[in-house]
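Breakdown of the fold
The chain contents come next:
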Amino acid sequence: GGPTTKPASVWSGVQLNVSKLSRTLAVDVAPASRSVVPGADTAVEVCVCDAAGAPVEGAEVAVVVVDEAVLSLTGYAVDSPLSAFVVPHRGAPSHVASRADVYVLDWSNIHIRGAPLEQLNKMMDGMPEMMFCSAMGGGGGGGGGAMNGVGMKRMMCRSAAAPAGRNSDAGGGAANVAVAVRSNFNPLALFKPDGVTGADGRLRLSMKMPDNLTRYRVWALAVTANDCYGMGESGVTARLPLMVRPSFPRFLNFGDEALGCVVVQNQGAPSDDPAGPEVRIALRASNAVLDDAARVFSARIPAGRRCEFQFPLKAHLSGRARFQAVVKGSGSGDAASVDIPTWTPAVSEAFATYGEVDVDGVQVQRLQHPRNVIAMFGGLDLTFGSTALAALTDAFLYLWQYQYECVEQLASRGLAVVALRDVLAAFKVKGVPSVDEMTAFVNSTARRLAALQRRT
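Residues numbered from 1 in each chain as written. Predicted model: local features only at pLDDT ≥ 70, side-chain atom pairs only at ≥ 80, totals over all residues. Heavy atoms only, no water.

1. With respect to the nonpolar core
Rules: Only buried residues count toward a nonpolar core. Its members are Ala, Val, Leu, Ile, Met, Phe, Trp, Tyr and Cys residues joined through side-chain atoms within 4.5 Å. Summary of the burial criterion: residues with accessible area below 20% of their type's maximum are buried, those above 50% are exposed, and those between are partly exposed, where the area comes from a 1.4 Å probe applied to protein chains only. Per the convention used, a helix needs a DSSP run of H or I reaching at least four residues, while a strand needs a run of E reaching at least two, with both numbered from the N terminus. Any two residues whose heavy atoms approach within 4.5 Å at even a single point are treated as in contact.
Counting residues in each nonpolar core, the largest one holds 25 residues, and the members touching the most others are Val-48, Val-61, Val-63 and Val-65. At 4 residues, the largest contribution of residues to this core is made by strand E10 (residues 215–223). Aside from chain neighbours lying at most four places away, what touches Val-65 is Pro-187, Leu-188, Ala-189, Leu-190, Met-207, Tyr-216, Arg-217 and Val-218. Grouped together as the second largest cluster of nonpolar side chains are 23 residues, Val-279, Ala-299, Leu-313 and Ala-315 included.

2. With respect to unusual backbone geometry
Even without being glycine, Asp-227 reaches a positive phi, approximately 60°. Structurally, the position occupied by Asp-227 is in the loop between E10 and strand E11 (229–238). Even without glycine at this site, Asn-287 takes up a positive phi of about 60°. Mapping Asn-287 onto the fold places it in the loop between strand E15 (278–286) and strand E16 (288–290).

3. With respect to the packing of aromatic side chains
We apply this condition: Side-chain rings of Phe, Tyr and Trp (the six-membered ring for Trp) are treated as a pair once their centres are within 6.5 Å; stacked means planes under 30 degrees apart, edge-to-face means over 60, and tilted covers the remaining angles.
Counting across every chain of the model gives 8 aromatic pairs. Counting every residue linked through ring pairs, the aromatic cluster contains Phe-248, Phe-311 and Phe-323.

4. Brief notes about the environment of Ala-303
Here Ala-303 shows up in the loop between strand E17 (296–300) and strand E18 (306–315). Judged by its relative accessible area of 30%, Ala-303 is partly exposed. Residues Ala-303 and Ala-275, 28 residues apart in the sequence, show an inter-C-alpha distance of 8.7 Å. Non-local contacts of Ala-303, meaning those with residues more than four positions away in its chain, are made with Asn-266, Gly-268, Ala-269 and Pro-270.

5. With respect to a nonpolar patch on the surface
Spelled out, the test is: Patch membership is restricted to residues that have no salt bridge and whose relative accessible area is over 30%. Joining uses 9 Å for like charges and 5 Å for the nonpolar side chains Val, Leu, Ile, Met, Phe, Trp and Tyr. Per-residue and other accessible areas follow the Shrake-Rupley method at a 1.4 Å probe size, with only the shown protein chains counted as cover for residues. Each salt bridge in this description consists of a side-chain nitrogen of Lys or Arg and a carboxyl oxygen of Asp or Glu lying within 4 Å of one another.
A cluster of nonpolar residues, Leu-367, Leu-380 and Leu-382, forms a patch on the protein surface that exposes about 380 Å² of accessible area. Turning to its location among the elements, Leu-382 is positioned in the loop between strand E20 (333–343) and helix H6 (389–400). Judged by relative accessible area, which is 66%, Leu-382 ranks as exposed.

6. Details of helix H7 (residues 407–427)
Where we set the bar: Multiplying 1.5 Å by the residue count of a helix minus one yields the expected span of that helix. Bend is computed residue by residue as the angle between axes fitted to the seven residues ending at the residue and the seven residues starting at it.
For H7, built from 21 residues, the straight-helix expectation of 30 Å at 1.5 Å per residue is met to within 8% by its first-to-last C-alpha distance of 30 Å. The largest bend in H7 is about 50°, located at Leu-420. The set of residues buried in H7 consists of Leu-410, Arg-413, Gly-414, Ala-416, Val-417, Leu-420, Arg-421 and Leu-424. Looking one or two places after H7, you find Lys-428, whose phi comes out positive at around 50°.

7. Quick look at the pattern of salt bridges
Enumeration over the complete set of coordinates arrives at 8 salt bridges. Linking Glu-45 and Arg-202 is a salt bridge whose minimum nitrogen-to-oxygen distance equals 3.0 Å. Accessibility expressed as a relative area gives 37% for Arg-202, which makes it partly exposed. Here Arg-421 ties to Asp-422 by a salt bridge, and the two come within 3.9 Å at their closest N and O atoms.

8. A short note on the side chain of Asn-266
Within the element layout of this structure, Asn-266 appears in strand E14 (residues 257–266). The buried category is assigned to Asn-266, whose relative accessible area is 6%. In this structure, Asn-266 is in contact with Pro-241, Leu-242, Pro-277, Ile-301, Pro-302, Ala-303, Gly-304 and Arg-305, ignoring residues within four places of it in sequence.

9. Describing the pairing of strand E19 (residues 319–328)
Test applied: A pair of strands is labelled paired if DSSP reports no fewer than 2 bridges between them.
Here E15 pairs with E19 via 7 bridges, running antiparallel. Looking across to E19, one finds that Arg-284 is bridged to Gln-324. Hairpin remark: E19 followed by E20, antiparallel, with 4 residues in the connecting loop; positive phi at Gly-331, about 85°.

As structure tokens, this is what we get:
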């Protein structure tokens with residue numbers, strides 16, 4: 001427009017995108033074999049080239065080979081370091097206007113684009129606040145966050161009063177097959193954080209696969225001294241023609257009865273029999289009891305199918321229970337073993353009683369067998385002493401091991417230790433702390449009690 005005497009302001013911006021190609025590395029990850037057997041020795045080769053396709057010597061490479069089933073639990077993924085180290089720099093211009101703070105003596109004479117200001121204010125006051133907020137959702141390049149309703153109204157007033165064409169924002173059948181038992185189920189097959197490429201831009205790493213039957217994801221992240229970055233990805237599958245997957249509880253309590261499970265999968269070639277070849281499954285356990293019918297059985301599993309077999313089991317003793325499952329077919333087989341903890345009963349009770357035996361007397365103490373006890377846990381202990389100290393030892397140990405430490409509890413523990421320290425040391429009572437430990441405890445208790453005192 002032409003010249004005007006009214007105050008006006010304008011600002012604008014533009015985002016210039018710079019290509020990241022010159023800082024990008026091409027990382028190719030090539031496993032020696034994309035399908036391996038569990039526990040096999042294999043290798044992975046990484047080739048690093050620059051943007052021009054030339055091999056890069058001396059590039060630092062971090063290689064990770066991890067079980068994809070574990071990654072899928074949390075949706076974990078590794079991003080290219082290029083996005084973290086080479087980031088766009090966005091300008092953040094600020095525009096401060098004092099027009100909203102200008103005092104107007106007579107609003108009746110103010111018109112905005114031909115409409116009286118009072119009419120515009122009534123129209124905006126009738127609009128919901130959320131309409132103003134949603135109009136500003138998702139901040140632009142110059143800042144972020146939704147604007148409140150009052151701020152949005154002010155902005156609309158300023159925008160309506162601004163000259164046309166001005167922008168106020170800028171943004172954007174079983175054979176005799178030797179079967180190896182699988183027991184190493186480590187989800188991490190390889191972690192090499194400090195590999196370096198050679199003159200040909202290649203890095204070759206050897207690794208021994210764990211015993212998992214799964215697909216492994218292979219990641220390689222590369223960086224050079226001149227701040228170039230790249231990432232490559234591949235996969236390796238560990239499989240067998242005939243596979244067994246044991247599935248047991250994560251732990252057992254003493255006396256528990258549970259259901260164990262094995263899943264047998266046939267990934268071999270299809271056979272002439274539609275029902276599939278006959279396979280034999282054998283189970284054995286240590287420190288657990290299996291039903292006789294579940295120890296050895298047979299089934300037919302078609303190619304490309306899997307079957308689940310459940311069987312009852314019972315915990316035997318506390319400690320660890322070990323289970324082994326073996327499956328054999330025509331020319332192939334698999335075996336896996338797992339061990340799980342068996343915990344002792346969670347609830348225990350202790351009872352104590354005291355008495356005196358004279359020189360010519362007999363002390364009779366009646367014992368009642370508790371109900372619902374487990375015979376192999378617990379016991380009866382008898383302690384004799386020439387003084388009444390035996391009755392005080394348990395009370396002293398209870399105070400010594402007491403965990404709470406308010407003022408009266410600290411004082412009670414300190415008094416008990418002071419009173420019985422010399423007697424317990426003289427009789428060398430079993431389980432009682434040494435004189436030095438009791439003395440140190442008394443001194444530290446006295447200092448703590450003094451520190452807790454406050455003047456009234």
